[in-house]
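Summary of structural features
One letter stands for each residue in the lines below.
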Amino acid sequence: MAFFWHLFVFSGLAFAFALINLIIGLQKGIERSYLFFGLVSICVGIYYLMFPFAHVPGGDIYWKIGLSFFIVAFILFPWFIYYYGKCNRLLMPFLLSAGMASTLLLFLFSSSSEEIVWWNALAHLVLIVTTVYGLLAVQNLRQLDGKRSAITFFIAIAIFLVLIIDDIVYIHFRELYLFNLPESILPFDYFLFLFMILM
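As a starting point, this report considers the structure included with it. (Residues numbered from 1 in each chain as written. Predicted model: local features only at pLDDT ≥ 70, side-chain atom pairs only at ≥ 80, totals over all residues. Heavy atoms only, no water.)

Brief notes about the overall build of the chain
Broken down by element type, the chain carries seven helices and zero strands. When the elements of the chain are put in sequence order from the N terminus, they spell out α-α-α-α-α-α-α. Relative to the compact-globule value of 16 Å for 199 residues, the chain shows a C-alpha radius of gyration of 17 Å, a close match. Its C-alpha atoms put the chain at 50 × 35 × 30 Å along the principal axes. Within the span of the chain, comprising 199 residues, buried residues form 46% of the whole. Surface exposure of the chain reaches about 10,600 Å², of which carbon and sulfur atoms provide 71%. Of the side-chain charges in the chain, 9 are positive and 10 negative, and the distance between the mean point of each set is 21 Å. (Helix = DSSP H or I, 4+ residues; strand = E, 2+ residues; numbered from the N terminus. Rg over C-alpha atoms; globule rule 2.2 N^0.38 Å. Buried < 20%, exposed > 50% of the residue type's maximum accessible area, 1.4 Å probe, protein only. Areas by Shrake-Rupley, 256 points an atom, 1.4 Å probe, with all protein chains shown as cover. Lys, Arg positive; Asp, Glu negative; His and termini not counted. Charge placed at Lys NZ, Arg CZ, Asp CG, Glu CD.)

A word on a nonpolar patch on the surface
A contiguous nonpolar patch, built from Trp-5, Phe-8, Val-9, Leu-13, Phe-15 and Leu-49 and spanning about 520 Å² of accessible area, is present on the exposed surface. With five residues, the top contributor of residues to the nonpolar patch is helix H1 (residues 5-25). Mapping Leu-49 onto the fold places it in helix H2 (residues 33-50). (Patch = residues over 30% accessible without salt bridge, like charges linked within 9 Å, V, L, I, M, F, W, Y side chains within 5 Å. Salt bridge = Lys/Arg side-chain N within 4 Å of Asp/Glu carboxyl O.)

Topic: helix H6 (residues 147-172)
Under the 1.5 Å per step criterion, the end-to-end length of H6 is 37 Å for 26 residues, consistent within 8% with the ideal 38 Å. When we look at burial in H6, the residues that qualify are Ser-149, Ala-150, Phe-153, Ala-156, Ile-157, Phe-160, Leu-163, Ile-164, Asp-166, Asp-167, Ile-168 and Tyr-170. (Expected span 1.5 Å × (residues − 1).)

What to know about the packing of aromatic side chains
Taken as a whole, this structure holds 35 aromatic pairs when the rule is applied. Considering the side-chain rings of Phe-70 and Phe-74, the 5.3 Å spacing of their centres and the 85° angle between planes classify their relative orientation as edge-to-face. Residue Phe-70 and its partner Phe-74 are both found in helix H3 (residues 60-84); the two are separated by four residues, about one turn of the helix. By relative accessible area, which is 6% here, Phe-70 ends up buried. Of the residues examined, Phe-74 reaches a relative accessible area of 3% and is grouped as buried. Taking the centre distance of 6.3 Å and the plane angle of 65° together, the rings of Phe-153 and Phe-195 count as edge-to-face. Pair noted here: Phe-153 is in helix H6 and Phe-195 is in helix H7 (residues 191-198), with a separation of 42 residues, a long-range link. Look at Phe-153 and you get buried, because its relative accessible area is 0%. The lysine or arginine in question, Lys-64, covers the ring of Phe-107, its NZ or CZ lying 5.4 Å from the ring centre. (Phe/Tyr/Trp six-rings, centres within 6.5 Å; stacked < 30°, edge-to-face > 60°. Lys NZ or Arg CZ within 6 Å of the ring centre and 35° of its normal.)

Details of the pattern of salt bridges
Pairing between side chains of opposite charge can happen when their charged atoms approach one another. Inspection of every chain in the model, using the stated rule, returns one salt bridge. Residue Glu-31 pairs with Lys-86 through a salt bridge whose shortest N-O separation is 4.0 Å. Of this pair, Glu-31 sits in the loop between H1 and H2 while Lys-86 sits in the loop between H3 and helix H4 (91-108), and the two are 55 residues apart along the sequence. On the accessibility criterion, Lys-86 (33% relative accessible area) is partly exposed.

Topic: the nonpolar core
Counting 52 residues, the largest nonpolar core has Phe-74 and Phe-153 as its most contacted members. Looking at this core, the elements that each hand over two or more residues are H1, H2, H3, H4, helix H5 (113-144), H6 and H7. Examining the composition of this core, we find that 13 residues originate from one element, H3, more than from any other. Residues contacting Phe-153, with those up to four places away along its chain left out, are Phe-80, Ile-81, Tyr-84, Gly-134, Ala-137, Val-138, Leu-141, Phe-195 and Met-199. (Core = buried A, V, L, I, M, F, W, Y, C linked by side-chain atoms within 4.5 Å. Contact = heavy atoms within 4.5 Å.)

Looking at the environment of Leu-161
When you line up the elements, Leu-161 lands in helix H6. For Leu-161, a relative accessible area of 31% gives the class partly exposed. Taking C-alpha positions, Leu-161 is 19 Å from Trp-119, a pair spaced 42 residues apart along the chain. Contact partners of Leu-161, with chain neighbours within four places excluded, come to Ile-128 and Thr-131.

Coordinates in, geometry out; function isn't part of it.
As structure tokens, then:
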């Protein structure tokens, strides 16, 4: 448990981000990116809060709850991209959210290691497409909102892509993975917290 103390700090910060953004996002006439940013932050806070308890005896239920909220964060993430990037078609966030919702269902009902590989593969596919959608939002931002917002969001999406690739290699091509990291928590697990700080 001592190894994970920093996750309690991250959880508290995520809940603070969530509260601020939800208060702003629920006001009339404010763009909805704040609302979805707040909802994503709540999910991340719960994930970090549950994660340390997953590594105590009988902690499987905490792992399942925590990872479920982590996946829900990525169900909501395309909607943040949609509103923040001032995109004008609803089809992509619907499709990406549906893809991640399917991942969540596969995760909740998976039992064998083979099924775990399948839900991870679907999640990675949806996340890769989400980065493409994020890059389209960057282009839209550059045209509508100026370079500063576009550059910040591009950096976030570029980090997102690098961490997805790292996770794909670790999960599906373990023999090619170059780093000796503890198996309990991986770089990708920290992305959403880093994203909250960047944004």
